[in-house]
Each structure stands twice: as C-alpha cells, then as structure tokens.
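Structural overview
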Amino acid sequence: MTLQEAIVARHSVRQYKQQPIEADKVEQLRAAIDEANRTAGLHMQLVTDEPEAFAKGLAKYGKFSGISNYIVLVCRKGLDEQLGYHGERVVLLAQTLGLNSCWVGLTFSRQPDHYTVGADEQLHGVIALGYGLTQGVQHPVRPTEKYYRSAVQPVPEWFLRGMEAAMLAPTAMHMQKFEFELLADGRVAARTRFSLVNSYLKIDLGIVKCHFELGAGQENIRWA
Ligand SMILES: Cc1cc2nc3c(=O)[nH]c(=O)nc-3n(C[C@H](O)[C@H](O)[C@H](O)COP(=O)(O)O)c2cc1C
C-alpha cells in the first residue's frame, strides 16, 4: 500500500483487538518518529503495551477500547503545525503497515511515567494505534469547492488532486477549518479558518497539508 492509498483507506478507529504490534513494525514506526523529531524539532514518543491511558473515565466516554499502543504528541510552543504534519505522516505509514489509528485530543488519561514532557513543552494529545476491530468508516466528504480558491484557471489537475486528499484528512471534531488558495504566481497558501471551539486548528492544518502534498505531488507545490 502506498501513502496515497493509505489516505483513502484510513479512517478513525476507536476499538481495537488485543493484538500486539509486531516488533518489526514497532521498529519502523520508531524510526519514522525519530526522523520526524530530528527534522522538525518535535518530541513525539511511541508508547507500547500501556493500557491505562484508555482504561477509564473520559476514554470510555469516547467509546475507546482495547488501546495499549499510542504516540504521545509533544512539542514546544509554536510547532503545532509541524506536529500535525509529521504525526499524520506516521499515521499513514501505520496504515501501510496494516494498522489502524485515531488522533485523540482529550479523551485519554495522562500516564507521565511512560513518556517525558519537557518544562518548555506541551502534550497536545495522542494517536492511538493498533489492529482495529473494524477498518472504520469514511467521514462525510464535503464539497471540495468550498475549501479552495484559485487565481489560476482552469485549476490545475495536481491542485485538485491535492484538495481531494486534503478533504480525506482527519481533523478535530471533523471541523475541517481550513482553506487553500492557488495564487497567481503558482504558489499555494493554506490557512486556518476561524473557530471559537477548536484549539487544534494548527495541528489540523499540518495534517491537511501533509495530505495535500501527497495528493498533489510535492514536486508541484511551492508553499506561500
Ligand atoms: C487533532 C485531532 C484531535 C482529535 N481528538 C479526538 C478525540 O478526542 N476523540 C475522538 O473520538 N476523536 C478525535 N479525533 C478524531 C476526529 O473526530 C476524526 O478525525 C474526524 O471525525 C474525521 O473522521 P476520520 O478520521 O474517520 O476521517 C481527533 C482528530 C484530530 C485531527
């Protein structure tokens, strides 16, 4: 499975089998996480065989079950977009390895003995990983035209492919508070839209930019 195929196959999965992730897959995930941390100055950490974060309270409310593997999303202030971008790269890698996932902002309990959060860092949430009881379901796909503008007509195919991939991205509460613009000089601008209730706007923006790049082809894009 390619990363582009993973974009189509991925859906949030909240219930998991009691099936450990094989050591070679754990190794590939750790390598990808280490590389992303080095490249972008992040502090994501993979926690395995740790069922407590999703064992009680808010996690039950969110209908999560069987989760004992997750990526802790930690970074310094101002790096949220990078966290979204690189976290989603790992999500898509996981999908290519036959694993399911779910970004989780709130409905888990913190287990500080299992990871570290520096004094200048913030824990933004986790990504649950594992073998899902199901493959999840496709979220409602909204009309792409409402999510972009283009100063270039006709709109190039690569841009539309990028938009299609962006529309399949996970966003907090499925709010999709983003918009893309193809500028007259050929550069692409991606912005958040206003929201009072969503504190994950920058993380969401990083996630959708990751999808856009994979859909459009990185070689076609110059970000504004
Ligand atoms: C930053 C972020 C935080 C999220 N937090 C939660 C959460 O706390 N609980 C939950 O059940 N789903 C959470 N989700 C998953 C979204 O609800 C889900 O991505 C969205 O409904 C779209 O569905 P899909 O991922 O199946 O395409 C989160 C997603 C993102 C990107």
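Relevant structure appears above.
Residues numbered from 1 in each chain as written. Predicted model: local features only at pLDDT ≥ 70, side-chain atom pairs only at ≥ 80, totals over all residues.

Brief notes about the site of the ligand
Rule in force here: Any residue whose C-beta atom, as set from the backbone, lies within 6 Å of a molecule or strand is reported as near that molecule or strand. Segments assigned H or I by DSSP are reported as helices when at least four residues long, segments assigned E as strands when at least two residues long, and all are numbered from the N terminus. By the convention adopted, Pro, Cys, Tyr, Trp, Phe, Met, Ile, Leu, Val and Ala count as nonpolar, Lys, Arg, Asp and Glu as charged, and the other residues, Gly among them, as polar. These domain boundaries are the output of an automatic or database domain assignment.
By nearness alone, 22 residues border the ligand, and Ser 12, Trp 103, Gly 105, Pro 170 and His 174 come closest of all. Of all the elements in the fold, those that place two or more residues in the shell around the ligand are strand E3 (100-104) and helix H6 (201-216). Its residues assigned to classes, the shell around the ligand shows 10 nonpolar, 10 polar and 2 charged. Split by domain, the shell around the ligand shows at least three residues from each of two domains, domain 1 (3-130) and domain 2 (144-220).

Concerning the packing of helix H5 (residues 157-167) against H6
Stated precisely, the cut-off is as follows: Axis lines are fitted to C-alpha atoms, over the contacting stretch for helices. Their N-to-C directions set the angle, which ranges from 0 to 180 degrees. Small angles under 35 degrees read as roughly parallel and large ones over 145 as roughly antiparallel, with 65 to 115 read as roughly perpendicular and the rest as oblique. With the far helix as reference, a near helix turned anticlockwise by less than a right angle produces a left-handed crossing, and one turned clockwise produces a right-handed crossing. Once C-beta atoms have been placed from the backbone, residue pairs whose C-beta atoms lie within 7 Å are recorded as contacts.
For the pair H5 and H6, interaxial distance at closest approach is 7 Å and the crossing angle is 140 degrees. Between H5 and H6, the angle is such that the two are oblique. Crossing handedness for the pair H5 and H6: right-handed. Side by side, H5 and H6 meet where Trp 158, Phe 159, Arg 161, Gly 162, Glu 164, Ala 165 and Ala 166 of the first sit next to Val 208, His 211, Phe 212, Leu 214, Gly 215 and Ala 216 of the second. Here the residues of the contact of H5 with H6 are counted per class, giving 8 nonpolar, 3 polar and 2 charged.

Observations regarding H6
Counted only if it meets this: Expected helix span is given by 1.5 Å per residue-to-residue step, counting one fewer step than there are residues. Remark: C-beta atoms are placed from the backbone, and a residue is labelled buried if 20 or more other C-beta atoms sit within 10 Å of its own, exposed if 12 or fewer do, or partly exposed between those counts.
Here H6 contains 16 residues, and its C-alpha end-to-end distance of 22 Å stays within 8% of the 22 Å for a straight helix at 1.5 Å per residue. Within H6, 15 of the 16 residues are buried, which leaves it mostly tucked inside the rest of the structure. Phi for Gly 217, located one or two positions after H6, is positive at around 90 degrees.

Quick look at the sheet that holds E3
Rule in force here: Strands qualify as paired when DSSP identifies two bridges or more between them.
Here 4 strands make up an open sheet; going across it, the order is E1-E2-E4-E3 and the pairing antiparallel. This sheet does not close on itself; its edge strands, each paired only once, are strand E1 (45-47) and E3. Taking the axes of each pair of neighbouring strands and ignoring which way they run, one obtains an average angle of 25 degrees across the sheet. In this structure, E3 lies alongside strand E4 (residues 121-130), joined through 5 bridges in antiparallel fashion. Paired with Cys 102 across the bridge in E4 is Ala 128.

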